[in-house]
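# Structural features, examined
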Amino acid sequence: MPERYDAIIVGGGHNGLVTAAYLARAGRKVLVCERRELVGGCAVTEEVWPGFRVSTAAYLVSLLQPRIVAELELERHGYHVDAKDPAFFSAFPDGRHFFMWQDRRKTLEEMARFSARDARVYAEYEEQLERISRVIEWLLLTTPPQFPPAGVGDFLEYLKLAARLRGLGSKDLVALVKIFTQSAADLLDEWFESPEVKVTLATDGVIGANGGPRSPGTAYILLHHCMGGVGGHRGLWGFARGGMGAVSEAIASAARSRGVVIRTGAAVESILVRDGAATGVVLAGGEEIQARIVASNLDPKVTFLRLLDERELPAEFLAAVRRFRIEGTSCKINLALDGLPDFRALPGAPGPQHRATMHICPSIDYVEQAWDDAKYGRPSERPLLELTIPTMYDPSLAPAGKHIMGIFLQYAPYTLREGTWDDLREGFTQRVLDLIEEYAPNLRAILLERQVLTPLDLERQFGITGGNIFHGEMSLDQMFVMRPVAGWARYRTPIRGLYLCGSGAHPGGGVMGAPGYNAAREILKDGRRPG
Ligand SMILES: Cc1cc2nc3c(=O)[nH]c(=O)nc-3n(C[C@H](O)[C@H](O)[C@H](O)COP(=O)(O)OP(=O)(O)OC[C@H]3O[C@@H](n4cnc5c(N)ncnc54)[C@H](O)[C@@H]3O)c2cc1C
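Residues numbered from 1 in each chain as written. Predicted model: local features only at pLDDT ≥ 70, side-chain atom pairs only at ≥ 80, totals over all residues.

Below, the discussion takes up the overall build of the protein chain. Of the regular secondary structure elements, the protein chain holds 17 helices and 20 strands. Radius of gyration (C-alpha) of the protein chain: 23 Å, near the 24 Å computed for a compact globule of 531 residues. Dimensions along the principal axes, computed over C-alpha positions, put the protein chain at roughly 70 × 55 × 50 Å. Among the 531 residues that make up the protein chain, the fraction classed as buried is 52%. Here the contacts in the protein chain between residues at least 6 apart in sequence split such that 72% fall between residues at least 24 apart. (Helix = DSSP H or I, 4+ residues; strand = E, 2+ residues; numbered from the N terminus. Rg over C-alpha atoms; globule rule 2.2 N^0.38 Å. Buried ≥ 20, exposed ≤ 12 C-beta atoms within 10 Å, placed from the backbone. Contact = placed C-beta atoms within 7 Å.)

Next up, the structure:
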């Protein structure tokens with residue numbers, strides 16, 4: 001008799017692992033099937049070169065929900081984050097630089113070198129963002145109400161949502177509406193005057209976005225990046241000890257300790273459906289495994305268009321899934337270094353700049369122009385670069401004296417007007433290295449190895465359609481009650497017993513665990529027990 005599970009999780013990304021752990025915690029017998037030889041999806045540590053353990057995709061933690069960390073006792077399973085300090089270092093072509101620190105007083109001193117007025121209003125800006133984040137962050141672990149609302153119960157849910165907003169004064173409510181609709185540049189223009197301060201703050205608004213700092217909707221992405229924290233300190237981001245894979249491994253270990261079986265090298269080829277209900281999965285190679293619950297950690301396009309027979313799905317739903325926008329514009333380049341970059345704007349090494357996220361993007365116009373290229377299908381001539389050196393916090397990630405540098409880059413459009421990424425990859429990489437050398441001329445001299453992950457490579461390696469780092473654009477029409485498609489934002493799907501538990505569901509991407517947590521809650525609510 002083949003083994004039978006209560007639930008099969010398709011994909012062992014961090015969200016799938018969270019769903020598995022919570023289902024097992026509630027007594028369900030759970031199997032996770034992961035295509036790769038390691039779990040974690042986009043949150044992994046891989047030994048790319050001997051002795052170099054690289055966070056190949058995601059590289060910083062902030063959004064992982066504290067409730068999940070506490071309830072799954074992740075610290076006991078090896079989860080540890082070192083908060084980044086300084087948070088940001090921006091180098092400018094005129095030789096100036098700007099730091100943002102954990103200590104607000106030090107940040108204000110820095111800011112005052114660029115604008116005394118900005119330093120005066122910064123505390124107020126941060127406090128407003130914090131008040132707004134506090135009121136809306138509970139949405140992250142909330143299942144969106146039914147949309148469009150059908151019955152009285154649905155309307156009541158909307159009323160409950162509206163009641164939550166009463167906590168905000170009228171000024172904050174106006175700010176909230178603006179944040180949901182404005183561009184990051186418009187938001188920052190209302191507060192600040194210094195171009196250097198503005199661009200440093202604006203980067204969070206465009207990371208992972210299909211848009212420039214002047215595109216409406218990017219103010220929300222900025223807020224999304226402020227929603228988390230490290231060690232209870234809101235807005236901080238940090239490096240996971242052991243790389244991002246240690247986060248996923250901690251969740252996997254918590255899941256295993258509750259009896260979850262995790263199979264790696266187990267690609268799911270299709271989801272089995274009988275009479276409109278999920279009954280299990282078929283692995284590559286033909287093995288069939290039965291379960292009455294299947295939860296997919298894969299993005300909505302792969303789940304519905306590749307793993308299911310389209311005839312099982314309503315035509316309208318299928319059309320909406322086909323329209324779901326999921327093209328990425330990000331590229332990740334990982335370097336092995338024999339030293340540290342020496343910045344013209346702050347010579348010497350090691351220094352605090354190497355512990356920060358180092359920005360190469362001197363102005364909002366620069367970032368907007370980088371987006372202009374991508375809008376028309378060209379990799380940015382001069383992209384926005386975010387550099388991080390995790391070995392400054394965890395030297396065990398590389399051989400003694402060596403370093404790892406992660407370059408997160410915007411914009412590299414998945415769909416190119418001319419050529420393919422396989423043709424353009426090398427030329428683009430050289431351009432990125434040239435650009436960094438304008439600011440840190442010793443880069444090539446210390447360069448040992450490089451790994452370049454264009455959106456095409458991200459799709460190939462991590463199985464994320466279009467290389468979109470969030471499993472689908474995080475624009476207003478694809479958020480909350482509309483994620484992934486209107487009418488299906490409550491983790492259920494048109495197939496009974498089939499759920500979505502990855503970033504393509506509310507509240508979207510990032511190493512947050514929230515979609516996985518919410519999906520588990522809804523699965524348990526439906527109470528589908530083994531037959
Ligand atoms: C380059 C990059 C940088 C990023 N940086 C950050 C960052 O610094 N901080 C942050 O918070 N977020 C970051 N993100 C976003 C974040 O990593 C993702 O949104 C998040 O990790 C997605 O998690 P998930 O569990 O929903 O899906 P995934 O991590 O995509 O997991 C899906 C899993 O399913 C597996 N799979 C695919 N197909 C099959 C199949 N047929 N059968 C079985 N298994 C399958 C995959 O191998 C994968 O393990 C980044 C993402 C990328 C790509």
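Read on for the rest.
Partitioning the protein chain into structural domains gives domain 1 (4–43 + 62–80 + 242–325 + 469–526), domain 2 (127–235) and domain 3 (330–411 + 413–453). For domain 1 and domain 3, the distance between their C-alpha centres works out to 32 Å. (Domains from an automatic or database assignment.)

Before going further, it helps to spend a moment on the site of the ligand. Inspection of the region around the ligand gives 38 residues, with Gly11, Gly13, Asn15, Gly41 and Gly509 positioned closest. Ranked by the residues each element gives to the shell around the ligand, the list is headed by helix H1 (residues 14–25), at 3 residues. Residues that form the shell around the ligand fall into these classes: 19 nonpolar, 15 polar and 4 charged. Counting the residues that make up the shell around the ligand, at least three belong to each of domain 1 (4–43 + 62–80 + 242–325 + 469–526) and domain 3 (330–411 + 413–453). (Near = placed C-beta within 6 Å. Nonpolar A, V, L, I, M, F, W, Y, C, P; charged D, E, K, R; others polar.)

Residue position: Leu337 is located in strand S15 (residues 330–337). Of the residues examined, Leu337 has 23 C-beta atoms within 10 Å and is grouped as buried. In this structure, the C-alpha to C-alpha distance between Leu337 and Val121, residues 216 residues apart in sequence, is 40 Å. In contact with Leu337, other than residues within four places in its own chain, are Lys402, His403, Met405, Ile446, Leu447 and Leu448.

The next thing to look at is helix H13 (residues 364–375). Note on helix geometry: an α-helix contains 3.6 residues per turn, so any two residues three or four positions apart are oriented the same way. Given a rise of 1.5 Å per residue, 12 residues ought to cover 16 Å, and the 16 Å separating the end C-alpha atoms of H13 matches this to within 8%. Listed in full, the buried residues belonging to H13 are Ile364, Val367, Ala370, Trp371 and Ala374. Projected down its long axis, H13 carries its buried residues within an arc of 125°, all on one side. Tucked inside the fold, the buried residues of H13 contact helix H7 (184–191), helix H8 (195–206), strand S17 (384–388) and strand S18 (403–410). Downstream of H13 by a residue or two, Gly377 has a phi angle that is positive, lying close to 80°. (Expected span 1.5 Å × (residues − 1). Arc of directions from axis to C-beta.)

The sheet built from 7 strands is open, its strands ordered S7-S6-S16-S17-S18-S15-S19 with mixed pairing. The open sheet has two edge strands with one neighbour each: strand S7 (97–100) and strand S19 (447–453). Geometrically, the sheet is characterised by an average inter-axis angle of 20° between neighbouring strands, direction not taken into account. With 8 bridges connecting them, S15 and S18 associate as antiparallel partners. Residue pairing across strands places Cys331 opposite Leu409, the latter belonging to S18. (Pairing = 2+ DSSP bridges. Axes fitted to C-alpha atoms, helices over the stretch in contact; angles between N-to-C directions.)

Here we take up helix H4 (residues 116–136). With 21 residues, H4 extends 31 Å between its outermost C-alpha atoms, agreeing within 8% with the 30 Å of an ideal straight helix rising 1.5 Å per residue. Most pronounced at Tyr122, the bend in H4 amounts to some 35°. Residues Asp118, Tyr122, Leu129, Ile132 and Ile136 constitute the buried set of H4. Those residues of H4 that are buried are in contact with helix H3 (104–112), helix H6 (170–181), H8 and helix H9 (218–224). (Bend = angle between axes of the 7 residues up to and from the residue.)

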